[in-house]
Amino acid sequence: MMSRLLPPEEWHRLEGTLLWPVVKTMHPSSLIMVVERDGDIVGCAAYYQQWHLDGVWIKPGAPAVSVGRRLWHAVRQVASGFDIRSVWAMAMSPRSDKLVQSLGPSFPLNCQHYEINVRGIQ
């Protein structure tokens, strides 16, 4: 077995892995590590920067449709200026879930999030 960094021109080989749904939006500077056995990818992990869209909120009683449209316009305008390809957003209530889903094409990240100290305990 061999482990190595997988260059962007080989990212298509990640089809069928847990990285496949997000690899299409990763920036080319991302670092994807693979373990291969006889040329077959048998393990993978990635370091990549991902923008988070947090605090998406509309004041109760405010005109949700017009505020949402203006908010979405601002989000897209800023993303374009910074070459942001995708963002992650967290919804904490049914109302915020509906709002986040209304912002554009998305798919839920049904998982637990953890912060891992990769340098070990000091």
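Residues numbered from 1 in each chain as written. Predicted model: local features only at pLDDT ≥ 70, side-chain atom pairs only at ≥ 80, totals over all residues. Heavy atoms only, no water.

Some details on the nonpolar core
Core analysis: the largest hydrophobic core is formed by 10 residues, namely Leu6, Trp11, Leu14, Leu19, Val22, Val23, Met26, Ile32, Val34 and Ile41. Those elements giving two or more residues to this core turn out to be helix H1 (20-23) and strand E2 (31-37). When residues no more than four places from it in sequence are discounted, the contact partners of Ile41 are Leu6, Arg13, Leu14, Val34, Val35 and Glu36. Leu53, Val56, Val75 and Leu99 belong to the second largest nonpolar core, which has six residues in total. (Core = buried A, V, L, I, M, F, W, Y, C linked by side-chain atoms within 4.5 Å. Buried < 20%, exposed > 50% of the residue type's maximum accessible area, 1.4 Å probe, protein only. Helix = DSSP H or I, 4+ residues; strand = E, 2+ residues; numbered from the N terminus. Contact = heavy atoms within 4.5 Å.)

Some remarks on the sheet that holds strand E3 (residues 40-47)
Here three strands make up an open sheet; going across it, the order is E1-E2-E3 and the pairing antiparallel. Edge positions in the sheet fall to strand E1 (2-5) and E3, since each of these pairs with one other strand and no more. Ignoring which end each strand starts from, the neighbouring axes of this sheet average 20° apart. Taken together, the four bridges between E1 and E2 define a ladder with antiparallel strand orientation. Along E2, the bridge assignment pairs Leu5 with Met33. (Pairing = 2+ DSSP bridges. Axes fitted to C-alpha atoms, helices over the stretch in contact; angles between N-to-C directions.)

Here we look at the environment of Met92
Mapped onto the elements of the fold, Met92 is located in the loop between strand E5 (87-89) and helix H3 (94-102). Accessibility expressed as a relative area gives 70% for Met92, which makes it exposed. Each C-alpha atom of the pair Met92 and Ala45 lies 27 Å from the other, and the pair is 47 residues apart in sequence.

Some words on the side chain of Glu36
Tracing the chain through its elements places Glu36 in strand E2. Polar side-chain contacts of Glu36 include one of 2.8 Å to the side chain of Arg4. Those residues in contact with Glu36 that sit more than four places away from it in its chain are Met1, Met2, Arg4, Arg13, Ile41 and Val42. (Polar contact = N/O pair within 3.5 Å; in protein donor to acceptor, adjacent residues only side chain to side chain.)

Some points on helix H2 (residues 64-81)
Helix length check: H2, at 18 residues, gives a terminal C-alpha distance of 26 Å against a target of 26 Å (1.5 Å per residue), a fit within 8%. Of the surrounding elements, those touching the buried residues of H2 are strand E4 (51-53). A positive backbone phi angle near 55° is found at Asp83, which sits one or two residues after H2. (Expected span 1.5 Å × (residues − 1).)

Describing the pattern of salt bridges
Any two side chains of opposite charge can pair, given that their charged atoms come close. Summed over the entire model, instances satisfying the criterion amount to four salt bridges. Notably, a salt bridge pairs Glu10 with Arg4, separated by 2.7 Å at the nearest N-O pair. For Arg13, the salt bridge goes to Glu36, with nearest N and O atoms at 2.8 Å. Taken together, the residues Arg13 in the loop between E1 and H1 and Glu36 in strand E2 connect sequence positions 23 residues apart. With a relative accessible area of 27%, Arg13 lands in the partly exposed category. Residue Glu36 is classed as buried on the basis of its relative accessible area, which comes to 7%. Here the residues in one salt-bridge network are Arg4, Glu10, Arg13 and Glu36, joined through shared partners. (Salt bridge = Lys/Arg side-chain N within 4 Å of Asp/Glu carboxyl O.)

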